[in-house]
Amino acid sequence: MSIVENRKAFHNYCGEERFEAGLVLGGWEVKAIRAGRAQIKEAYVIFKGAEPFVIGMHVSPLPTASTHVRADPTRTRKLLLHADELRKLIGQVEQRGYTLVPLDLHYTRGRVKMAVGLAKGKKQHDKREVEKEREWQREQQRLLRRRA
């Protein structure tokens, strides 16, 4: 079940592979995410050493959040991946010019997970070409509906 999707990622990037990563979250963050108060539109993933971190993910604290914890909505959060996935991703990102893009937040067996996509950035002409193709598909559907 998806909580938040990053639709902008599919517009700006060509996805190659998809990985599921766990997140290191505080209790107030889990409550806020379950309430739908998360945004990953401008988030991106970087590697510090051999550990992946998501930057720019915004989680608005609930007004009933814990009073003894000072909530930082845009703090850097660590991603949890298997060692073999990490090695593969680090090699791809550093050598081949790929980037890691957060695609969505979802639940897996009651836990909050993030789908991360290994992707290459689209050029402006590629974006225009995709838009043209989408418009043509819509026009075909309109023509077929008129005939039927």
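In this text, all values refer to a predicted model and were calculated from it rather than measured experimentally. (Residues numbered from 1 in each chain as written. Predicted model: local features only at pLDDT ≥ 70, side-chain atom pairs only at ≥ 80, totals over all residues. Heavy atoms only, no water.)

Undergrad: How would you sum up the overall build of the protein chain? Please name residues and give values.
TA: A count of helical and extended segments in the protein chain gives four helices and nine strands. Seen in sequence order, the protein chain has helices and strands lined up from the N terminus as β-α-β-α-β-β-β-β-β-α-β-β-α. Against the compact-globule benchmark of 15 Å for 148 residues, the protein chain has a radius of gyration of 18 Å, which places it well outside the compact range. In terms of overall dimensions, the protein chain has C-alpha extents of about 65 × 40 × 30 Å along its principal axes. Within the protein chain, the proportion of its 148 residues that are buried is 30%. In the protein chain, 69% of the contacts between residues at least 6 apart in sequence involve partners at least 24 apart. Element-wise, carbon and sulfur atoms account for 48% of the exposed surface of the protein chain, whose accessible area totals about 9900 Å². Of the charged side chains in the protein chain, 30 are positive and 18 negative, and the gap between their average positions amounts to 4 Å. (Helix = DSSP H or I, 4+ residues; strand = E, 2+ residues; numbered from the N terminus. Rg over C-alpha atoms; globule rule 2.2 N^0.38 Å. Buried < 20%, exposed > 50% of the residue type's maximum accessible area, 1.4 Å probe, protein only. Contact = heavy atoms within 4.5 Å. Areas by Shrake-Rupley, 256 points an atom, 1.4 Å probe, with all protein chains shown as cover. Lys, Arg positive; Asp, Glu negative; His and termini not counted. Charge placed at Lys NZ, Arg CZ, Asp CG, Glu CD.)

Undergrad: Describe in detail the packing of aromatic side chains, supporting the description with residues and values.
TA: Going through the model one piece at a time under the given rule, you end up with zero aromatic pairs. When the ring centre of Phe53 is taken as origin, the NZ or CZ atom of Lys48, which lies over that ring, is 5.3 Å away. (Phe/Tyr/Trp six-rings, centres within 6.5 Å; stacked < 30°, edge-to-face > 60°. Lys NZ or Arg CZ within 6 Å of the ring centre and 35° of its normal.)

Undergrad: Can you lay out the pattern of salt bridges for me, pointing to particular residues and giving the numbers?
TA: Enumeration over the complete set of coordinates arrives at eight salt bridges. Across the pair Glu139 and Arg142 runs a salt bridge whose closest N-O atoms are separated by 2.9 Å. Here the residue Glu139 and the residue Arg142 both occupy positions in helix α4 (residues 124–147), the gap between them amounting to three residues, near one helical turn. The partly exposed category is assigned to Arg142, whose relative accessible area is 35%. Each member of the salt-bridge network shares a partner with another, and the members are Glu29, Arg75 and Arg77. (Salt bridge = Lys/Arg side-chain N within 4 Å of Asp/Glu carboxyl O.)

Undergrad: Give a detailed account of the nonpolar core, specifying residues and quantitative values.
TA: By size, the foremost hydrophobic cluster in this structure holds 25 residues, and its most contacted members are Leu23, Val54, Met57, Leu79, Leu105 and Met114. Per element, the largest residue contribution to this core is four residues, and it comes from strand β9 (residues 111–121). When sequence neighbours within four positions are dropped, the list of residues in contact with Leu105 reads Ser2, Ile3, Val4, Leu23, Ile33, Ala38, Ile40, Met57, Val112, Lys113 and Met114. Listed in part, the five residues of the second largest apolar core include Ala9, Val101, Leu103 and Ala119. (Core = buried A, V, L, I, M, F, W, Y, C linked by side-chain atoms within 4.5 Å.)

Undergrad: For helix α3 (residues 83–96), give the residues involved together with the corresponding values.
TA: Side chains three or four residues apart in an α-helix point the same way, a direct result of the helix having 3.6 residues per turn. Under the 1.5 Å per step criterion, the end-to-end length of α3 is 20 Å for 14 residues, consistent within 8% with the ideal 20 Å. Directly beyond the C-terminal end of α3, a positive phi value near 80 degrees is found at Gly97. (Expected span 1.5 Å × (residues − 1).)

Undergrad: If you had to explain the environment of Gly22 to someone new, which residues and values would you point to?
TA: Mapped onto the elements of the fold, Gly22 is located in strand β2 (residues 13–23). The exposure class of Gly22 is buried, given its relative accessible area of 9%. Those residues in contact with Gly22 that sit more than four places away from it in its chain are Lys78, Leu79, Leu80 and Lys113.

Undergrad: For helix α2 (residues 27–34), give the residues involved together with the corresponding values.
TA: All of the buried residues along α2 are Trp28, Glu29, Ala32 and Ile33. Down the axis of α2, the smallest arc covering the buried residues is 135 degrees, so these residues share one side. Residues Gly27 and Lys31 are exposed on α2 and point more than 90 degrees away from its buried face. For α2, the elements touching its buried residues are β1 (2–5), β3 (38–39), β6 (58–59), β7 (77–80), β8 (99–108) and β9. Looking one or two residues past α2, Gly36 carries a phi angle of roughly 80 degrees, positive in sign. (Arc of directions from axis to C-beta.)

Keep in mind that these numbers describe shape and distance, not what the molecule does.
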